[in-house]
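If you want the building blocks of each chain, they are given just below.
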Amino acid sequence: MTSSEVTTAPPTGVRVLASRLGQTVRGGRQILRDVSLTVEPGELVAIIGASGAGKTTLLETLAGVRPAGSGTVDRQAHGAVEHSGSVDVGYVPQDDIIHRELPLERTLRYAARLRLAPGTDPAARDRRVREVMAELGLTERAGVPVGRLSGGERKRASIAVELLTRPGVFFLDEPTSGLDPAIAVELLRVLRGLADSAATVVLTTHQVTDVEFCDRVVVLTRQGALAFAGTPSAAREFFGVTTLAEVYLRLDEPTDPDAWPDRFPTRDAAPVRADAAPPVAPRRDPGQERRRQRVGPLRQWAVLAARNVEIVARNRLTLAILLGSPLMVLGMFALLFQPGAFDPADPSPNVMVMILFWIAFGGFFFGLTYGLLQICTEWPILRRERLAGVRVGPYLSAKVAVLLPLLALVDLALLGVLRGIDRLPPVGWGEFAALYATLLLSSAAALALGLLCSASVADAAQATLMLPMLCFPQVLFVGAILPVPVMATGGRWISHAMSNRWAFEGLGHTAELERIWRDGASPLGPPLLAAYGDSFARPVWVNWVILAGFLLAFLGVTWTVLARKDRRGVRV
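Residues numbered from 1 in each chain as written. Predicted model: local features only at pLDDT ≥ 70, side-chain atom pairs only at ≥ 80, totals over all residues. Heavy atoms only, no water.

## Re the overall build of the chain
Across its full length, the chain holds 22 helices and ten strands. Residues counted as buried form 52% of the 572 residues belonging to the chain. Long-range contacts, defined as pairs at least 24 residues apart, comprise 76% of the intrachain contacts of the chain with a sequence gap of at least 6. (Helix = DSSP H or I, 4+ residues; strand = E, 2+ residues; numbered from the N terminus. Buried < 20%, exposed > 50% of the residue type's maximum accessible area, 1.4 Å probe, protein only. Contact = heavy atoms within 4.5 Å.)

## Some thoughts on the layout of surface pockets
Roughly 1100 Å³ of volume is contained in the largest pocket. Considering the residues around the largest pocket, the lining is formed by 36 residues, among which Glu101, Asn315, Thr318, Leu373 and Thr377 are closest to the centre. At the level of elements, α4 (151-163), α11 (297-314), α12 (316-336), α13 (349-372), α14 (379-387), α15 (392-420) and α17 (460-476) are the ones that each hand at least two residues to the lining of the largest pocket. Classifying every residue of the lining of the largest pocket gives 15 nonpolar, twelve polar and nine charged. (1 Å grid on protein atoms, 1.4 Å probe; cavity = no way out; pocket = protein on both sides within 12 Å on 5 of 7 lines; lining within 4 Å. Points joined across faces, edges and corners; volume = space filled by probe spheres on them. Nonpolar A, V, L, I, M, F, W, Y, C, P; charged D, E, K, R; others polar.)

## Notes on the side chain of Glu162
Its place among the elements puts Glu162 in helix α4. You can call Glu162 buried: its relative accessible area is 2%. From its side chain, Glu162 meets the backbone nitrogen of Tyr91 in a polar contact 3.4 Å long. Not counting residues within four places of it along the chain, the set of residues in contact with Glu162 comprises Val89, Gly90, Tyr91, Val92, Ile97, Arg115, Pro167, Phe170 and Arg384. (Polar contact = N/O pair within 3.5 Å; in protein donor to acceptor, adjacent residues only side chain to side chain.)

## Side note on the sheet that holds strand β8 (residues 200-204)
The strands making up a sheet associate through hydrogen bonds between their backbones, and the pairing can be parallel or antiparallel. One open sheet holds the six strands; their spatial order is β6-β7-β8-β3-β9-β10, and the pairing between them is mixed. In this open sheet, the two strands that pair with only one neighbour each are β6 (89-92) and β10 (226-230). For this sheet, the mean angle separating the axes of adjacent strands, direction not counted, is 10°. Pairing of strand β3 (residues 44-48) with β8 involves four bridges; the strand directions are parallel. Each residue of the ladder has a partner; that of Ile47, found in β8, is Thr204. Along the sheet, helix α1 (residues 55-63) makes contact with β3, β6, β7 (169-173), β8 and β9 (216-220), crossing β7 at roughly 155°. (Pairing = 2+ DSSP bridges. Axes fitted to C-alpha atoms, helices over the stretch in contact; angles between N-to-C directions.)

## Overview of helix α22 (residues 540-565)
Between its first and last C-alpha atoms α22 spans 38 Å; for 26 residues at 1.5 Å apiece the expected length is 38 Å, and the two agree. Among all positions in α22, only Val540, Asn543, Leu547, Phe550, Leu551, Phe554, Thr558, Val561 and Leu562 are buried. Residues of α22 that are buried sit in contact with α14, α15, α16 (429-456), α18 (489-496) and α19 (499-510). (Expected span 1.5 Å × (residues − 1).)

## Side note on the nonpolar core
Among soluble globular proteins, nonpolar side chains are generally buried collectively. Core analysis: the largest hydrophobic core is formed by 87 residues, its most contacted members being Ile359, Phe504 and Leu562. With residues up to four places along the chain from it excluded, the contact list for Leu562 reads Ile375, Trp379, Leu382, Val392, Tyr395, Leu396 and Ala455. Core analysis: the second largest hydrophobic core is formed by 52 residues, Leu116, Val132, Leu179 and Phe228 among them. (Core = buried A, V, L, I, M, F, W, Y, C linked by side-chain atoms within 4.5 Å.)

## Some words on the packing of aromatic side chains
Within this structure, the stated rule accounts for 14 aromatic pairs. Consider the rings of Phe228 and Phe239, whose centres lie 6.2 Å apart with planes at 65°: the pair is edge-to-face. With Phe228 in strand β10 and Phe239 in helix α7 (residues 232-239), this pair connects stretches of sequence that are eleven residues apart. We classify Phe228 as buried; its relative accessible area is 5%. Judged by relative accessible area, which is 1%, Phe239 ranks as buried. With centroids separated by 6.3 Å and ring planes inclined at 85°, the aromatic side chains of Phe357 and Phe504 adopt a geometry described as edge-to-face. Separated by 147 residues along the polypeptide, Phe357 in helix α13 and Phe504 in helix α19 bring together distant segments of the chain. Here Phe357 falls in the buried class, since its relative accessible area comes to 1%. The buried category is assigned to Phe504, whose relative accessible area is 1%. (Phe/Tyr/Trp six-rings, centres within 6.5 Å; stacked < 30°, edge-to-face > 60°.)

As structure tokens, then:
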């Protein structure tokens, strides 16, 4: 096979065997109880049950998104038993797993660069993207931003991302949720076509009409146990109903609903069909090995960074906020502070403190807000790309590589304009460079803190609520409003954990506040010098080292948080 060929093979189908699966969440509540079932190659299978029955949990366990709490999941491909993680799997969660800002074709090209084998020729890669769009009827929508696609088209686009590598098994969580009936039927026909081409397709659904398109249906009780697995017609016969909607009523009958699993005769063994071929010894073909090659971390970083740049550039509102908010802050600084505060002949010590503090806080605020929404808004995408082999290190470093240059530009503009309008001390270019380095390190540390918080929360609303909680301590415990030496003991200890303190003191050292207060004509100089003690006495490089430590520590903890959230334990 040459490098110009796409190193994938047509879907051959995968047999999924689950034996006595159990899952328990925090608090000890069991959400899956002793579930055993088999999904055959080429089958379209629906998992149904009441809300809270564990449908999504079962789907994620079968797909390998989360490890089994108890029991086992095996997947058989090409006649060999392939354990979880070895077979190429397509997983489509209920949330969109594609960026809305990019045109559909651009989205798929980035996905292909991350998923297809490293040696794949660019022309072959683009050809595969066009093939997938044609298979799913999306060719005419290639240039449309994903956010402007209809609900059904976006769901097909999510499937297209997974179809790039031609996996033998697809898992979809509520694929028809929120779609009107006509679009839902169209999507189910697409899934039916995938199954007919020998791929294995498993989906969860609340819509019983979806089940009529399926070969088999898996029914879970409200307690997370397997009540039935078989054909839709057999399910109606088993539960003694005329429609599948009535199954939900039977499961909730007050006459011992827990008895349904006991009435299902094959609950203790995976219900393999009589004509199913027995497992044979594991074997692999060269094509399989090529399919499992992953893109290296350096190439992942390059692809993710390029995608981040295009996302920022195409989202004009975000770009306007990123670049416009510093301009607003700069305008407020110009209106708030009078020029000449640093004039050695007539200094204004209290104004000098406030100017340097708000410059430091401005750099902190810019960095924090740049990072605060970066991860939580695309967690479903990252989670799926982690399953496809994307590592946390390249992902995080790509974020920093794109956002830090923007911060560098903003910080330089802030200091440059303030210098031009006489709101900075009249220092030489060397000292100006030191001011800039301090501010940029402060912004970088705050960016890493924003990324950490973004990785720790569940959604954008929670991240937004964290903004004041993160900013207030950086105002109160920095030492500008109340000097650190005169704080209470607890306040002095807390101040050490404030990155903004070290930026403020670094700026003060470079601006030579001690000398101006000592030698200046203002009577406020000596009292301030006594109150601040040696706050501005340490060399500026010490503050740089501390800020760099904050940066590395925040990034390290962010890496750890993301690795823990990815509970599959894949390489990070």
